[in-house]
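The residues making up each chain are set out below.
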Amino acid sequence: MATIRCMRLMHCMQNLLLLPRKTVNICPVFHRSYRRGLRRYLKELYQRRLKAGPEPERHPSQLGIWNHDAELFAFGKRFGEEFDENLLKRAFVQRNYIIKEENKRKELGIDLITVPLGLVDNEDLARKGEEIASRYIKAYLRYSYPHMFEEGICAVHDFLMSHQTLLHIGMNIGLRELIMSAEYPPPEQAYILTFKAVIGALAVSQNVERAEVFVKDIIIPQLIGKDINELWEIVNPMGLLKAMLASEGRGPPEPRLLWHSASATVMSLYHVGLYSDKELIGKSPGETVTIAEEMAARNALKHLMQTTDSRAPLTLGAKAVKIKLDYDKKNRSIRDLLNETVEERLYGTEI
Amino acid sequence: MAHNRVLQWATMARTWWLFDAYRQCPFKSSSKIAYYLIGKHKPIYDSLSDIGDHVVVINSKYISMPNDYWRVYKYFHHTGYPGGFSETAAWRLHEVDPTKVIEKAVYFYLPKNLLRRGRMRRLHIFPEEQVPTEILTNISDQIQQVQPVPKRLDEYTQEEIESFPKLFDWPEDFVLQSGFKMAESLLSESKKAETGGKKSETGGKKAENIQSGGKKETPKTGSKKAENLQTGTKKAENLQTGSKKPESQTEKPDSKKTGKKH
Amino acid sequence: MVFLTSFLARRLPLPRAPDKQDNFWRKSMWLRISSKFYGRKRNCFGLAIVPGWRALRYATRARKLKKENMKNLWEIRLNAACNEHGMDYHTFMTSLTQADIGLNRKVLTDLAIYEPRTFQSLVQFAKQRQLEVGLESLTIDSPHGIFHRGLPNKS
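Residues numbered from 1 in each chain as written. Chains lettered and ligands numbered in written order. Predicted model: local features only at pLDDT ≥ 70, side-chain atom pairs only at ≥ 80, totals over all residues. Heavy atoms only, no water.

Turning to the overall build of chain A, a few remarks are in order. Looking only at helices and strands, one finds 15 helices and 3 strands in chain A. The 351 residues of chain A split such that 41% are buried. Contacts spanning at least 24 positions in sequence make up 64% of the contacts within chain A whose residues lie at least 6 apart. Only carbon and sulfur atoms are counted for the fraction: they give 53% of the accessible area of chain A, which is about 20,400 Å². (Helix = DSSP H or I, 4+ residues; strand = E, 2+ residues; numbered from the N terminus. Buried < 20%, exposed > 50% of the residue type's maximum accessible area, 1.4 Å probe, protein only. Contact = heavy atoms within 4.5 Å. Areas by Shrake-Rupley, 256 points an atom, 1.4 Å probe, with all protein chains shown as cover.)

Here you go:
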């Protein structure tokens, strides 16, 4: 930081000196000719900056050019949303900011009962926002991946609602200067809370549908470029595959070695294919036969759950306006599947 | 990430190829082998990346040189000292080490950079069909040969030979080998023509030797010949061959025959 | 002095009326160019200036060479990718061009590496087109020797 600021300073100095002659003539004392001492002067400035260290990060309001209301208004307009002014303002107020302000007033001897602070923190709005986002994301994922197990849907949902993802969003939509927090720059948790509270504020200002569109436009696209199969860790893919095939009334998976190379070296490669009723259901390469077999089982699961790499892209943007989500519907879970198979095994022969 | 990992592994894995050099031109084969050693047959090829495959060459003893390259093609060497120059004919080199001709040709065709030695280490040449098991188990694919393997006369049945389409039969008293002795001037060179006839004869014999006796015959004759040739030091021998050209010419067909025998 | 970007370093203005008394700015401009050289020509202006000129000449030439080299590389890769499906590079490119498929070598190479199935379908398209046009007959005699993955399957 120090270097950048110093460089800026140097450029400013040089630009001053490189002004046209007309301007230079205004102060003949300094600009009678080319300044021979310029280099030494700039060097000195540079050394002083290094010595002084970087400047502390300051909120723009401390620089004297800050209109919080105008910035808030612009924030809402940037998303093309109509926010209620007070609600949006409340969405940015952190709990620790209120405490800090109260303490400050106490120190000044102001009675908080007669002159109330009039600030409400954003935690209620955040809770509301989180609820809306969570509900919508699950419904959307179930709509997009109807054949995926409920456990997988939950895993993808957890990724989208995770600390990391929300922080990434919060840090990149211009919350930094707007958050009213005790310290600046605000802590990580403040970004997440505020982002959730903005969703909540939108739902209250307009309606829940509008907030859901916001969620769809901002949170769901975080899945782009991510492999949803990797987000959900399947512990025993072969066992799950067996259960799935059994529930569909198909034969058990049989692994077959399709191709191998350099098998007597450490760089060996095996391609294993899985067959059910003499039909190829999945194949994968691997360093060893065991790994290849496991990966082939995962590949077969992908095919069965229709989450292969060649699946259709997510419905987003203008196309997503028409989709109708069923919030009550749930995908089949692994537990249901296992119960089914056990029941079949127990009672299937009797019937 | 496991999915990406195995994909990466499969992409970067080195395949082992088999190349059967039986009756193949060593130069054409080598340029093809070098293509696989460099990795130019992969869409991920990059000149600086070491992504080449392994190539196992078998039957390198039974390569066939074009024209009379066995005799004409020379490998040169200079020790760096005055008089340190020496040259070895291809048949001689092949006699000493039947894998050397292919190896040198591949080495020539590889790009001249730091990856060259490493790529050569991925080339495994075997004179016969016998390949160690630990190498054989690695092989998963085969490189196409560069030229069709010719069928020998003795491989055809008598019926096939008889049914071969012919436009006319040579008269019984017609001498094929001596050619058309039309002019008197040719008679004066009759000696030369005779040797030429011998040559073709021996050539035919040679082919038979390779096929029928190639694997059966003991290398005794070959080694005897080598002994005969190695009368003095290597240098002296080279000087001999260098200085006595007409002699060597007449000698060559015989030596070639024996050279190919074992 | 530290320059955070090379762009900034190149664009650092020189004094308009260069003073012979202080050559610092002019020298530092050339030393910036020689900052990655080896030996004394990295730091000594007198030694740095000639290699600096040469470096700029090389850079000028390399701008063109880079394009040529990349084109060659893409052609080699595409040739390899086409051969995997039993197709010839030139035939492939010709049929794509004739069919108004405006994919350049770079994109095709990327497809061949990262989306092999997409590339395969393009090759299939080219084959079908060749068959329909009938100029480059696919009914060439099958090659001698053994068949392997890299060769067309005639069945």
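Still more to cover.
Before going further, it helps to examine the overall build of chain C. When helices and strands are tallied, chain C shows 6 helices and 0 strands. For chain C, the α and β elements follow one another from N to C terminus as α-α-α-α-α-α. Contacts spanning at least 24 positions in sequence make up 41% of the contacts within chain C whose residues lie at least 6 apart. Counting only carbon and sulfur atoms, one obtains 55% of the accessible surface of chain C, whose full area is about 10,800 Å².

Another aspect to go through is the pairing of strand 3 (residues 279-286) of chain A. All names here are of chain A. Alignment of strand 2 (residues 269-276) against strand 3, held across 7 bridges, turns out to be antiparallel. When the bridges of strand 3 are listed, Val272 appears paired with Ser284. In sequence, strand 2 turns back onto strand 3 through a hairpin of 2 residues, with Asp277 there showing a positive phi of about 55°. (Pairing = 2+ DSSP bridges.)

Let's shift gears to the sheet that holds strand 2 (residues 54-58) of chain B. Residues and elements named next belong to chain B. Across the sheet, which stays open at both edges, the 4 strands sit in the order 5-2-1-6 with parallel pairing between neighbours. Either end of the sheet is taken by a strand with one partner, and the two such strands are strand 5 (123-125) and strand 6 (141-142). Strand direction decides the pairing type here: strand 1 (residues 16-20) and strand 2, joined by 5 bridges, are parallel. Looking across to strand 2, one finds that Asp20 is bridged to Ile58.

A word on the interface of chain B and chain A. Every contact between the two is made by 16 residues of chain B and, on the other side, 22 residues of chain A. For the pair chain B and chain A, the two sides together bury roughly 1,500 Å², of which 58% comes from carbon and sulfur. For chain B, the biggest contributors to the area lost against chain A are His3, Val6 and Trp9 of chain B; these three give 39% of the whole. One can count 1 salt bridge joining chain B with chain A. Between Glu287 of chain A and Arg5 of chain B there is a salt bridge, with the nearest N and O atoms lying 2.9 Å from each other. Examining the composition of the side of chain B that touches chain A, we find that 7 residues originate from one element, helix 1 (residues 2-12) of chain B, more than from any other. (Buried area = accessible area lost by both parts, 1.4 Å probe. Salt bridge = Lys/Arg side-chain N within 4 Å of Asp/Glu carboxyl O.)

The next subject is the pattern of salt bridges. All names here are of chain A. Applying the stated criterion across every chain yields a total of 31 salt bridges over all chains. Residue Glu55 is joined to Arg49 by a salt bridge in which the shortest nitrogen-to-oxygen separation is 3.3 Å. One connected set of salt bridges, linked through shared partners, spans Arg49, Glu55 and Arg58.

Think of a pair of aromatic rings as described by two things: how far the centres are apart, and how the planes are tilted against each other in angle. A full pass over the atoms with the stated rule returns 19 aromatic pairs over all chains. An aromatic cluster is defined as three or more aromatic residues linked by ring pairs; in this entry it consists of Phe75, Phe79, Phe92, Phe195 and Phe214 of chain A. The lysine or arginine in question, Lys112 of chain B, covers the ring of Phe108 of chain B, its NZ or CZ lying 4.7 Å from the ring centre. (Phe/Tyr/Trp six-rings, centres within 6.5 Å; stacked < 30°, edge-to-face > 60°. Lys NZ or Arg CZ within 6 Å of the ring centre and 35° of its normal.)

On to the nonpolar core, then. With 75 residues, the main nonpolar core has Phe92, Phe195, Ile219, Trp232 and Leu241 of chain A as its most contacted residues. Beyond its immediate chain neighbours, meaning those up to four positions away, Trp232 of chain A contacts Met148, Phe149, Glu151, Gly152, Ala155, Leu240, Met305 and Ile334 of chain A. Within the second largest apolar cluster, 33 residues are counted, among which are Ile33, Ile63, Tyr75 and Leu110 of chain B. (Core = buried A, V, L, I, M, F, W, Y, C linked by side-chain atoms within 4.5 Å.)

Moving on, we come to unusual backbone geometry. Glycine aside, residues mostly have negative phi, and peptide bonds are mostly found in the trans state. The residue after Tyr184 of chain A, namely Pro185 of chain A, is reached through a cis peptide bond having omega -5°. Within the secondary structure, Pro185 of chain A is located in the loop between helix 9 (163-171) and helix 10 (188-205). Phi angles above zero are rare outside glycine, and Asn67 of chain B is one such case at about 50°. Inspection of the secondary structure puts Asn67 of chain B in the loop between strand 2 and helix 3 (69-72). In this structure Asn67 of chain B comes out as exposed when scored by relative accessible area, which is 67%. Its identity as a non-glycine residue notwithstanding, Asp100 of chain C has a phi of 60°, on the positive side. Structurally, Asp100 of chain C is set in the loop between helix 4 (89-98) and helix 5 (105-114).

Of note, Lys302 of chain A is situated in helix 14 (residues 289-305). Buried Lys302 of chain A, no salt bridge; nearest opposite-charge side chain is Asp227 of chain A, N-O distance 4.4 Å. (Lys, Arg positive; Asp, Glu negative; His and termini not counted.)

The pLDDT averaged across chain A works out to 87; a share of 87% of its residues lies at or above 70. Counted against residues more than four places away or in other chains, residues 1-6 of chain A, with its pLDDT under 50, gives 10 contacts. (pLDDT = per-residue confidence, 0-100.)

All names here are of chain A. Read from one edge to the other, the open sheet built from 3 strands follows the order 1-2-3, with strand pairing classed as antiparallel. Of all the strands in the sheet, just strand 1 (254-261) and strand 3 have a single pairing partner and so form its edges. On average, each strand axis in the sheet is inclined to that of its neighbour by 20°, with strand direction left out of account. (Axes fitted to C-alpha atoms, helices over the stretch in contact; angles between N-to-C directions.)

Moving on: helix 4 of chain C. Residue and element names in this part refer to chain C. Taken together, the buried positions of helix 4 are occupied by Tyr89, Thr91, Phe92, Met93, Ser95 and Leu96. Looking at the packing, one finds that the buried side of helix 4 touches helix 3 (45-84), helix 5 and helix 6 (116-133). A positive backbone phi angle near 60° is found at Asp100, which sits one or two residues after helix 4.

In this section: a nonpolar patch on the surface. A surface patch of nonpolar side chains, amounting to about 500 Å² of accessible area, comprises Leu167, Phe168, Trp170 and Phe174 of chain B. Along the chain, Phe174 of chain B falls in the loop between helix 8 (158-162) and helix 9 (184-188). (Patch = residues over 30% accessible without salt bridge, like charges linked within 9 Å, V, L, I, M, F, W, Y side chains within 5 Å.)

This paragraph deals with the packing of helix 7 (residues 123-144) of chain A against helix 10 of chain A. Residues and elements named next belong to chain A. Relative to each other, helix 7 and helix 10 sit at 80°, their axes nearing to 6 Å. Comparing the axis directions of helix 7 and helix 10 gives the class roughly perpendicular. Contacts from Glu123, Leu125, Ala126, Lys128, Gly129, Glu130, Ile132 and Ala133 of helix 7 reach helix 10 at Leu193, Lys196, Ala197, Ile199, Gly200, Ala201, Ala203 and Val204. Looking at the contact of helix 7 with helix 10 residue by residue, the classes come out as 10 nonpolar, 2 polar and 4 charged. (Parallel < 35°, antiparallel > 145°, perpendicular 65-115°, else oblique. Nonpolar A, V, L, I, M, F, W, Y, C, P; charged D, E, K, R; others polar.)

What follows is about the packing of helix 2 (residues 24-33) of chain C against helix 3 of chain C. When two helices pack together, their arrangement is captured by the angle between the axes and the distance separating the axes. Residues and elements named next belong to chain C. One way to put it is that helix 2 packs onto helix 3 with a least axis distance of 8 Å and a crossing angle of 60°. By the criterion of interaxial angle, the relationship of helix 2 to helix 3 is oblique. The way helix 2 lies across helix 3 gives a crossing that is left-handed. Where helix 2 approaches helix 3, its residues Arg26, Lys27, Trp30, Leu31 and Ile33 are matched on the opposing element by Phe45, Ala48, Ile49, Gly52, Trp53 and Leu56. (Left-handed = near helix turned anticlockwise from the far one by under 90°.)

Quick look at the environment of Leu141 of chain A now. All names here are of chain A. Along the polypeptide, Leu141 turns up in helix 7. Given a relative accessible area of 0%, Leu141 falls into the buried group. Spatially, the C-alpha atoms of Leu141 and Ile220 are 9.1 Å apart, while their sequence positions differ by 79 residues. When near neighbours in sequence (up to four residues on either side) are disregarded, Leu141 contacts Ile153, Val156, His157 and Leu223.

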